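# Survey of secondary and tertiary structure
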Amino acid sequence: MTTVATVPEGTVHPYALSHLDSLESEAVHIFREVAGEFERPVILFSGGKDSILMLHLALKAFAPAPVPFTLLHVDTGHNFPEVLEYRDRTVEKHGLRLHVASVQEYIDAGKLRERPDGTRNPLQTVPLTEAIQQLRFDAVFGGGRRDEEKARAKERVFSLRDEFSQWDPRRQRPELWQLYNGRHAPGEHVRVFPISNWTELDVWQYIEREGIELPEIYFAHEREVFNRAGMWLTAGEWGGPKDHESVETRLVRYRTVGDMSCTGAVDSDATTLEAVITEIAASRLTERGATRADDKMSEAAMEDRKREGYF
């Protein structure tokens, strides 16, 4: 008679993966799947926390070999200096290749126009899609997560884009049992979201566990900011503040980092990872919902941009 070992009720099985280990395992599997299925993948890397997490997972997925992907950043010209410094230092540290698509170059060439509100975040679409086409990338890793925003919650992990880099929700493919379909016609490509199932809290807890370095902008620091539409924006040459907007020095940090013209800071005294995690756990607003002005333009702002080719 065969005896089957049982684990007492209420105890953790010795071979069970923790929540963070399960998320890590899924992401590593996705990176390896793409490496085996596509010819020219690229990772979008801005120096923001989600792209930093993605790069860390990619390094883990292929260690001790080098990451078999190049990096791509769409630089709006209004990025935070601290984040750009971190981006360049990280690329050099790991011996990676970085392509930079510049919104400013497109404006100078007359291919794009400045917006009246000064924000350049929506202007990233054309440089991004043209870089993908010109460099013939067939898989593009992005750091989008389903908990961030409604349109991102609709995405599959492998999200097909047509020859114009446009997204059609009706062409979504089923992904049962973590089986991913990367088939695409010539000229099309696939956007890949390896941390799609992570939450903001998962990201921070994993960063703490792994000891991942982040730009100091994510922790509380004194900064010159001004209030616009209920958000604390960084003063700068991008167009803020206006005459009626007064600058003040406040203790703030950033939950998400994008264009200075649309990314708001939050009042915070969280100077450590532990304090940030405690703060995030108590929050009832998503990071984009609380601090991204470009997502407040309309209920469908992000989905409209995704249809045009934005991430």
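Throughout, residues of each chain are indexed from 1 in the direction in which the sequence is written. Selection of residues for local features in this predicted model requires a pLDDT of at least 70, selection of side-chain atom pairs for listing and counting requires 80 or more, and totals for whole chains, interfaces and linings are taken over all residues. To obtain the side-chain values, all non-hydrogen atoms of the structure were used and water was disregarded.

As recorded in an unreviewed UniProt entry, the protein goes by Sulfate adenylyltransferase subunit 2 and comes from Streptomyces fulvorobeus.

## As for the overall build of the protein
In terms of helices and strands, the protein carries ten helices and ten strands. Between buried and exposed lies partly exposed: a residue is buried under 20% and exposed over 50% of the maximum accessible area for its type, with that area taken using a 1.4 Å probe on protein chains only. Sorting the 311 residues of the protein into buried and exposed places 52% on the buried side. Note on contacts: a residue pair is in contact if any heavy atoms of the two residues lie within 4.5 Å. For the protein, contacts bridging at least 24 residues in sequence account for 73% of all contacts bridging at least 6. Counting only carbon and sulfur atoms, one obtains 51% of the accessible surface of the protein, whose full area is about 15400 Å². To qualify as a helix, a DSSP run of H or I must reach at least 4 residues; to qualify as a strand, a run of E must reach at least 2; elements of each kind are numbered from the N terminus. The protein chains shown are the only cover counted for residues, whose accessible areas, like all others here, come from Shrake-Rupley with a 1.4 Å probe.

## A closer look at helix H5 (residues 125–134)
Those residues of H5 not exposed but buried are Thr125, Pro127, Leu128, Thr129, Ala131 and Ile132. Arg136 occupies a position one or two residues after H5 and carries a positive phi of about 60°.

## Some thoughts on the pairing of strand S1 (residues 41–44)
Of the two faces of S1, the one lined by Pro41 and Ile43 and the one lined by Val42 and Leu44 are each fully buried. For two strands to count as paired, DSSP must find a minimum of two bridges between them. Across three bridges, the pairing between S1 and strand S4 (residues 139–141) is parallel. When the bridges of S4 are listed, Pro41 appears paired with Ala139. Pairing of S1 with strand S2 (residues 70–75), which is carried by three bridges, proceeds in the parallel orientation. When the bridges of S2 are listed, Ile43 appears paired with Leu71.

## Some remarks on the sheet that holds S4
Taken in spatial order, the six strands line up as S3-S2-S1-S4-S6-S5 in an open sheet, and their pairing is mixed. The open sheet has two free edges, formed respectively by strand S3 (98–102) and strand S5 (158–161), since each of these has just one partner strand. Taking the axes of each pair of neighbouring strands and ignoring which way they run, one obtains an average angle of 30° across the sheet. Bridge count for S4 against strand S6 (residues 189–192) is three bridges, and the pairing is parallel. Angles here are taken between N-to-C directions and fall from 0 to 180 degrees, while the axes themselves are lines fitted to C-alpha atoms, restricted in helices to the stretch in contact.

## Here we look at the nonpolar core
Among the buried residues, those of types Ala, Val, Leu, Ile, Met, Phe, Trp, Tyr and Cys that are joined through side-chain atoms within 4.5 Å form a nonpolar core. Within the largest apolar cluster, 60 residues are counted, with the highest numbers of intra-cluster contacts made by Phe31, Ile43 and Phe158. Considering each element in turn, this core owes the most residues, eight residues, to helix H2 (residues 49–62). For each domain, the first and last residues come from an automatic or database assignment. A domain split of this core shows at least three residues from each of domain 1 (19–201 + 302–307) and domain 2 (216–297). Sequence-distant contacts of Phe31, that is, excluding residues within four places in its chain, are made with Ile43, Met54, Leu57, Ala58, Ala61, Phe62, Phe69, Phe141 and Pro194. Listed in part, the 15 residues of the second largest apolar core include Ala101, Val103, Leu123 and Val140.

## As for a nonpolar patch on the surface
Only residues whose relative accessible area exceeds 30% and that form no salt bridge enter a patch; like-charged residues are grouped when within 9 Å of one another, and nonpolar side chains (Val, Leu, Ile, Met, Phe, Trp, Tyr) when within 5 Å. What counts as a salt bridge is simple: a side-chain nitrogen of Lys or Arg found within 4 Å of a carboxyl oxygen of Asp or Glu. Residues Leu176, Trp177 and Leu179 make up a contiguous nonpolar surface patch of about 420 Å² in total accessible area. Along the chain, Leu176 turns up in the loop between S5 and S6.

## A short note on the sheet that holds strand S10 (residues 266–267)
A sheet is described by the order of its strands in space; here four strands give the open sequence S8-S7-S9-S10, paired in antiparallel fashion. Of all strands in the sheet, those bounded by a partner on one side alone are strand S8 (231–234) and S10. As defined by bridge partners, strand S7 (residues 221–228) adjoins S8 across four bridges and the pair is classed as antiparallel. Residue pairing across strands places Arg228 opposite Met231, the latter belonging to S8.

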